[in-house]
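Residue-level structure breakdown
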Amino acid sequence: MSSNNAQTQRLFFALWPDGALQSQLYRLGGTFYRDCGGKRVRTENLHLTLAFLGSIDAQTRECLKQQAEVIELPAFTLRFDRAGYWRRPRVVWLGAEETPAPLLALVRAINRAVTVCGLEAERRPFSTHLTLLRKARQGPQIAALEPIEWPVAEFAMVASKTLPTGAEYEVVARWPLSMADS
């Protein structure tokens, strides 16, 4: 019975902005929506995925939580300063011209945790992006934009449910990043 589907969750690790930043990002998505069309990501769903895990059983979830607990990395500022469009999935996204070194270190640490817990880590290079629109008919008319600074002080494990009305996310655990001076 321990492999019962009711005991699995679709999970991913993410950076989860606070409500004020989510609202700011949603408003920016609205300006792109006028040119690009598509479907806007709901305010409460805006996030930056660090690692998608898939359907995870309770034992693996606990292993991942234990591994995340020992990650010790500094807090950092993520600066969104460009927008882009991927044709094939028809996604409009925000990105960073420069990915902060602590963010790359966090992704590497999470990938190690994923491997320790018996899962396969993502093989593609990490792409710093936050999805604003899905099913867009075209990309934004501008690539550079007024920078949005996000002081990142934690990362999260998030559960995902696919419903007829769209994806619903729930943060199930959070871990702080160190605020100590480097």
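Our subject in this report is the structure included herewith. Each chain has its residues counted from 1, running along the sequence as written. Thresholds applied to this predicted model are a pLDDT of at least 70 for local features of residues and 80 or more for the giving and counting of side-chain atom pairs; totals over whole chains, interfaces and linings are not thresholded and use all residues. Side-chain metrics rest on all non-hydrogen atoms present in the structure, leaving aside hydrogens and water.

1. Here we look at the nonpolar core
Taken as a class, soluble globular proteins show a tendency for nonpolar side chains to be buried jointly. Among the nonpolar cores identified, the biggest contains 48 residues, and Phe13, Leu15, Phe32, Leu50, Leu78, Leu94 and Phe155 are the most heavily contacted of them. Only DSSP runs of H or I reaching four residues or more are called helices, and only runs of E reaching two or more are called strands; each is numbered from the N terminus. Broken down by element, the residue count for this core peaks at seven residues, all from helix 3 (residues 101–116). The contact criterion used is simple: two residues touch if any of their non-hydrogen atoms lie within 4.5 Å. The residues touching Leu78, leaving out its near neighbours within four places in the chain, are Leu15, Leu48, Ala96, Pro100, Leu103, Thr128, Ile148, Glu149, Trp150 and Val152. In plain words, nonpolar cores are sets of buried Ala, Val, Leu, Ile, Met, Phe, Trp, Tyr and Cys residues tied together by side-chain atoms within 4.5 Å. Burial classes follow relative accessibility: with a 1.4 Å probe on protein chains only, a residue under 20% of its type's maximum area counts as buried, one over 50% as exposed, and anything between as partly exposed. Counting five residues, the second-largest nonpolar core is a separate cluster that includes Phe12, Ala14, Ala156 and Val158.

2. Focus on the environment of Cys36
Within the element layout of this structure, Cys36 appears in helix 1 (residues 19–36). Residue classification places Cys36 among the buried residues on the basis of a relative accessible area of 0%. Taking the C-alpha atoms as reference, Cys36 lies 5.8 Å from Gly139; in sequence the two are 103 residues apart. Each residue touching Cys36, except ones within four places of it in the same chain, is listed here: Val92, Leu133, Ala136, Arg137, Gln138, Gly139 and Pro140.

3. Observations concerning the sheet that holds strand 1 (residues 9–15)
Two orientations exist for strands paired in a sheet by backbone hydrogen bonds: parallel and antiparallel. Strand pairing is defined by DSSP finding a minimum of two bridges between the two strands. Taken together, the four strands give an open sheet; going across it, the order is 3-1-8-9, and neighbouring strands pair in antiparallel fashion. Of all the strands in the sheet, the pair left with one neighbour each is strand 3 (48–56) and strand 9 (166–176). Pairwise comparison of adjacent strand axes, ignoring direction, gives a mean angle of 25° for this sheet. Bridge count between strand 1 and strand 3: seven bridges; the pairing is antiparallel. In the strand pairing of strand 3, Phe13 is matched with Ala51. Angles here are taken between N-to-C directions and fall from 0 to 180 degrees, while the axes themselves are lines fitted to C-alpha atoms, restricted in helices to the stretch in contact. Along the sheet, helix 3 contacts strand 1, strand 3 and strand 8 (154–163); its crossing angle with strand 3, the most-contacted strand, is approximately 10°.

4. A short note on the state of the cysteines
What counts as a disulfide here is a pair of cysteine sulfur atoms lying within 2.5 Å. Per the counting criterion, the structure on display carries one disulfide. What pairs with Cys63 in a disulfide is Cys117, and their sulfur atoms sit 2.1 Å apart. Taking the sign of the S-S torsion, about -90° here, the bridge from Cys63 to Cys117 comes out left-handed. With Cys63 in helix 2 (residues 58–69) and Cys117 in the loop between helix 3 and strand 6 (129–134), this pair connects stretches of sequence that are 54 residues apart. Accessibility expressed as a relative area gives 21% for Cys63, which makes it partly exposed.

5. Some points on the side chain of Thr60
Turning to its location among the elements, Thr60 is positioned in helix 2. For Thr60, the residues in contact, after removing those within four places along its chain, are Cys117 and Leu119.

6. Side note on the pattern of salt bridges
We count a salt bridge whenever a side-chain nitrogen from Lys or Arg sits within 4 Å of a carboxyl oxygen from Asp or Glu. Enumeration over the complete set of coordinates arrives at eight salt bridges. As a salt-bridge pair, Arg42 and Glu44 come within 2.8 Å of each other at their nearest N and O atoms. Given the relative accessible area of 32%, Arg42 is considered partly exposed. Relative accessible area serves as the criterion here: at 43%, Glu44 is assigned to the partly exposed category. Ionic pairing is found between Arg124 and Glu122, a salt bridge with its closest N-O pair at 2.8 Å.

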